[in-house]
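Examination of the molecular architecture
One letter stands for each residue in the lines below.
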There are 2 protein chains.
Amino acid sequence: VARRLRDVGEHGWIARLLGTVPRGPRVVVGPGDDAAAIRPPRGALLLTTDTLVEGSHFQAGWEPPARLGRRAFRINLSDVAAMGGRPLAALVAIEAPPDLPVAILDGLMRGVIADARTHGVDVVGGNLAAAPRLAVTLTLVGVASRRPVTRTGARPGDDVWVTGTVGGGGAAVRALLAGHRTRRPPVPVRLEASRLLAPVAHAMIDVSDGLMQDLGHICRASGVAAAVDAGRVPVAAACRRALGVEAVPFAVTAGEDYELLLTASPRQRARLERIAPRLGCALSRIGRIEAGRPAVRLLDAGGRVLPLRRAGFDHFRRR
Amino acid sequence: VARRLRDVGEHGWIARLLGTVPRGPRVVVGPGDDAAAIRPPRGALLLTTDTLVEGSHFQAGWEPPARLGRRAFRINLSDVAAMGGRPLAALVAIEAPPDLPVAILDGLMRGVIADARTHGVDVVGGNLAAAPRLAVTLTLVGVASRRPVTRTGARPGDDVWVTGTVGGGGAAVRALLAGHRTRRPPVPVRLEASRLLAPVAHAMIDVSDGLMQDLGHICRASGVAAAVDAGRVPVAAACRRALGVEAVPFAVTAGEDYELLLTASPRQRARLERIAPRLGCALSRIGRIEAGRPAVRLLDAGGRVLPLRRAGFDHFRRR
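The structure displayed is predicted, hence computed values, not measured ones. (Residues numbered from 1 in each chain as written. Chains lettered and ligands numbered in written order. Predicted model: local features only at pLDDT ≥ 70, side-chain atom pairs only at ≥ 80, totals over all residues. Heavy atoms only, no water.)

Considering the relation of the copies chain B and chain A
For the match of chain B to chain A, the screw axis carries a shift of 0.0 Å, the RMSD comes to 0.0 Å, and the turn is 180 degrees. Such a combination of rotation and displacement between the chain copies is what one expects of a two-fold axis. When each C-alpha of chain B is compared by its distance to the rotation axis, P40 of chain B comes out closest, at 3.1 Å. A share of 100% of the interface residues of chain B reappears at the interface of chain A, consistent with the copies meeting face to face through the same patch. (Least-squares fit on C-alpha atoms with pLDDT ≥ 70 in both. Contact = heavy atoms within 4.5 Å.)

Structure below.
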């Protein structure tokens, strides 16, 4: 029979977990005390947090627990990459129902710990609380050794670039919600791309709510407008297969891509094309920043504005 | 009619909130970007996170939303104080159902922001996600300018000290669960006490799961045993009134006190008694650390062990 959380208890589960957490040289006090302590880095300290809630961000059975843990870690890694930073330490706050099989929590933490280790991150603490549904709030501390790349620096005339492809995560969620058996693609890690692109980027964001909406965040923060050429958007093959002619409008509004979206001066084109082969992923120039009120237009090959049925993802305003 | 979260949306609510967040001089990038950035402090960086879930840690109507926000902030403040540190910056990850009145979230954040400001803490970021019930995960970053005070330093012969009183929070929760109208006492702020006590403490913890259990955490981490004199435990007046002769066993296992529990050499007694008037709260010597297997005994005036019906609070093993 499966052991459940109510059988081992909060403190029992945590005590067993602590032995499995590796401890890097920057950790002064690791997990299991009132707070963790790490040596402070040189450079600005980056802080970000993101939550995955069962029923909102995933359904039971969509992916093995270790993949869910890895996803919770990587969506935060993506935020640190989008600032041009490196990750240092993570805290994991879990909510779980008492009848949850302990194996699920164990798998989840295995996924967090393994991926954290791969990326040189110490898991230094967390919390476990009773709740009606499983949820994971991961907090990541990072460092930016140069000025963090925010959403505010885009200038009229800038090119708009995006790493990798978009629409793959959205297409998988669409298929899962329709009852098909499929896997969400893993959240990509763009730390090396971020390291190389940050020195050139005027503004940068990760694509989590949909390319159009996230470019809109840059526009609002920078006080500019943007135009995206539909034909230049790098749509994931699985999305193209599943959505056909609707692939581009779907891909630019679906979200869950976790690619880097950045703006840079056109004078940097040659440099960016030289950098591209070392990024570990594609780099596509998809549009430009313009003067004007914050708005993002999607244009066809003839320069006509393509209508979009929705702007992007909002947790409280569902499709 | 009350505006609900589904009316304003995730991004709408966040956009409005951002204008209300003050920004201290150590903030490089405030809330609203992919991650926040703060100037790194000198000294060890403290990291802690804690969650309040509706139905587990509070019930709707137990306290106004601003008090709930303050509580979410202070339970983390308490962890930073227990390490002998100062708080610097907070992240607030909220889960909320779409039909939640926006006024509740507004009140909650007002409570967090006001109390953070009072204690010199910058609210630098957060997250809002849809979930079946309201939950707040607050992450606090702090700094320890000297060596952090952990749970591991208790030595046989040490005195055991506790700040303030215990049992008040537990008695209020007991009354609320029984249907009485009452208020939980605010989580005390022991930052000044921590600053003065940390240089003397061999081990320190905050009392969140019950004095006996939290002293047990110190014993296990330090490889020692402890004895507590029941007659010396500073029981809150409200707990004494409500529980009568059961007040002490209740108070030492109820939890929710958020007082500092520490051990120190008996040679520091005079110094601690000299410090006491400046702590802003009572300081009571309640027992001693002994050699032996990790265990905590509660003793009556004749030195007899008092039986306890439960060890302390565990989220998944209810009373």
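Section: the nonpolar core
In this structure, L5, W13, I94, L105, M109 and L134 of chain A are the most contacted members of the largest nonpolar core, which totals 66 residues. Once residues within four sequence positions are removed from consideration, W13 of chain A is found in contact with L5, V8, I94, V102, L105, D106, M109 and L128 of chain A. (Core = buried A, V, L, I, M, F, W, Y, C linked by side-chain atoms within 4.5 Å. Buried < 20%, exposed > 50% of the residue type's maximum accessible area, 1.4 Å probe, protein only.)

Notes on the sheet that holds strand β12 (residues 296-299) of chain A
Residue and element names in this part refer to chain A. Here 6 strands make up an open sheet; going across it, the order is β8-β10-β7-β11-β9-β12 and the pairing mixed. Of all strands in the sheet, those with a lone pairing partner are β8 (203-206) and β12, marking the two edges. Averaged over all pairs of adjacent strands, the angle between their axes in this sheet comes to 25 degrees, without regard to strand direction. (Pairing = 2+ DSSP bridges. Helix = DSSP H or I, 4+ residues; strand = E, 2+ residues; numbered from the N terminus. Axes fitted to C-alpha atoms, helices over the stretch in contact; angles between N-to-C directions.)

Re the pattern of salt bridges
Counted according to the given criterion, the structure contains 32 salt bridges over all chains. For D106 of chain A, the salt bridge identified is with R16 of chain A, shortest N-O distance 2.8 Å. Residue D106 of chain A is found in helix α3 (residues 102-118), and its partner R16 of chain A is found in helix α1 (residues 5-18); the two are separated by 90 residues along the sequence. Take D106 of chain A: its relative accessible area is 23%, and that puts it in the partly exposed class. The partner of E192 of chain B in a salt bridge is R195 of chain B, with the nearest N and O atoms 2.9 Å apart. Linking E192 of chain B with R195 of chain B, this pair stays in helix α5 (residues 191-197), spanning 3 residues, or about one helical turn. Counted as one network, the salt bridges with shared partners bring together E63, R71, R184 and E256 of chain A. (Salt bridge = Lys/Arg side-chain N within 4 Å of Asp/Glu carboxyl O.)

Concerning the state of the cysteines
Residues and elements named next belong to chain A. Using the criterion set out here, one finds 0 disulfides over all chains in the structure. Of all cysteine sulfurs, the one in C239 lies closest to C281, which takes part in no disulfide; the gap is 18 Å. Looking at C281, the relative accessible area reads 15%, which means it is buried. (Disulfide = S-S within 2.5 Å.)

With respect to the sheet that holds strand β5 (residues 122-130) of chain B
Strand order in the open sheet made by the 6 strands is β1(A)-β2(A)-β3(B)-β6(B)-β4(B)-β5(B), with mixed pairing throughout. The open sheet terminates on both sides in strands that have one partner only, identified here as β1 (27-29) of chain A together with β5 of chain B. The sheet shows a mean angle of 20 degrees between the axes of neighbouring strands, direction not considered. Sheet topology note: the strand β3 (residues 44-53) of chain B/strand β6 (residues 135-144) of chain B ladder contains 10 bridges and is antiparallel. Bridge pairing in β6 of chain B places V53 of chain B opposite A135 of chain B. The strands touched by helix α1 (residues 5-18) of chain B within the sheet are β4 (86-96) and β5 of chain B, with β5 of chain B carrying the most contacts at an inclination of about 145 degrees.

What to know about the interface of chain B and chain A
One frequent convention defines the size of an interface as the accessible area lost when the parts assemble. Across the boundary between the two partners, chain B contributes 68 residues, which contact 68 residues of chain A. Taken over both partners, the interface formed by chain B and chain A buries close to 5300 Å², and the fraction arising from carbon and sulfur atoms is 59%. Interface area lost by chain B to chain A is led by D34, L47 and F316 of chain B, which between them contribute 17%. At the boundary of chain B and chain A, one finds 4 salt bridges. The shortest N-O distance in the salt bridge between D34 of chain B and R151 of chain A comes to 3.2 Å. Joining chain B to chain A, the criterion identifies 23 residue pairs in polar contact (both at pLDDT 80 or more). (Buried area = accessible area lost by both parts, 1.4 Å probe. Polar contact = N/O pair within 3.5 Å; in protein donor to acceptor, adjacent residues only side chain to side chain.)

Things to note about unusual backbone geometry
One non-glycine residue with positive phi stands out, namely Y258 of chain A, at about 55 degrees. Within the secondary structure, Y258 of chain A is located in the loop between α8 (247-251) and β10 (260-264).

Notes on the side chain of N127 of chain A
As for its position among the elements, N127 of chain A is in strand β5 (residues 122-130). A relative accessible area of 16% means that N127 of chain A is categorised as buried. Once residues within four sequence positions are removed from consideration, N127 of chain A is found in contact with V92, A93 and I94 of chain A together with T49, D50 and T51 of chain B.

Details of the packing of aromatic side chains
A full pass over the atoms with the stated rule returns 0 aromatic pairs over all chains. Here the guanidinium or amino end of R174 of chain A rests over the ring plane of F250 of chain A, the centre of that ring lying 6.0 Å away. (Phe/Tyr/Trp six-rings, centres within 6.5 Å; stacked < 30°, edge-to-face > 60°. Lys NZ or Arg CZ within 6 Å of the ring centre and 35° of its normal.)

Topic: the packing of α1 of chain B against helix α3 (residues 102-118) of chain B
All names here are of chain B. One can describe the packing of α1 onto α3 by two numbers: an axis separation of 11 Å at closest approach and a directional angle of 25 degrees. Our classification of the angle between α1 and α3 gives roughly parallel. Crossing angle aside, the handedness with which α1 passes α3 is right-handed. Between α1, through L5, V8, W13, R16 and L17, and α3, the contact on the second element is made entirely by V102, L105, D106, M109 and I113. Here the residues of the contact of α1 with α3 are counted per class, giving 8 nonpolar, no polar and 2 charged. (Parallel < 35°, antiparallel > 145°, perpendicular 65-115°, else oblique. Left-handed = near helix turned anticlockwise from the far one by under 90°. Nonpolar A, V, L, I, M, F, W, Y, C, P; charged D, E, K, R; others polar.)

Overview of α1 of chain B
All names here are of chain B. Taking 1.5 Å as the rise per residue, α1 with 14 residues should run 20 Å; its terminal C-alpha atoms sit only 16 Å apart, a clear shortfall. Within α1, the axis deviates most sharply at H11, by approximately 65 degrees. For α1, every residue scored as buried is listed here: L5, V8, G9, E10, W13 and L17. For α1, the elements touching its buried residues are β4, α3 and β5. (Expected span 1.5 Å × (residues − 1). Bend = angle between axes of the 7 residues up to and from the residue.)

Quick look at the environment of G85 of chain B
Residues and elements named next belong to chain B. If you trace the backbone, G85 turns up in the loop between α2 (65-82) and β4. The exposure class of G85 is buried, given its relative accessible area of 7%. For the pair G85 and A144, spaced 59 residues apart in the sequence, the C-alpha separation amounts to 4.3 Å. Here G85 is in contact with L46, V80, V143, A144, L191 and S194, once residues within four sequence places are set aside.

Points about the environment of P31 of chain A
All names here are of chain A. As for its position among the elements, P31 is in the loop between β1 and β2 (36-38). P31 sits 95 residues away from G126 along the chain, and the two C-alpha atoms are 7.4 Å apart. The residues contacting P31, other than those within four sequence positions of it, are L18, V21, V123, V124 and G125.

Quick notes on the side chain of H217 of chain A
Within the secondary structure, H217 of chain A is located in helix α6 (residues 211-222). According to the relative accessible area criterion, H217 of chain A is buried, its value standing at 13%. A polar contact of 3.2 Å, which involves the side chain of H217 of chain A, links it to the side chain of R220 of chain A. Ignoring anything within four residues of it in the chain, the contact list for H217 of chain A reads R151, I205 and D209 of chain A together with H11 of chain B.

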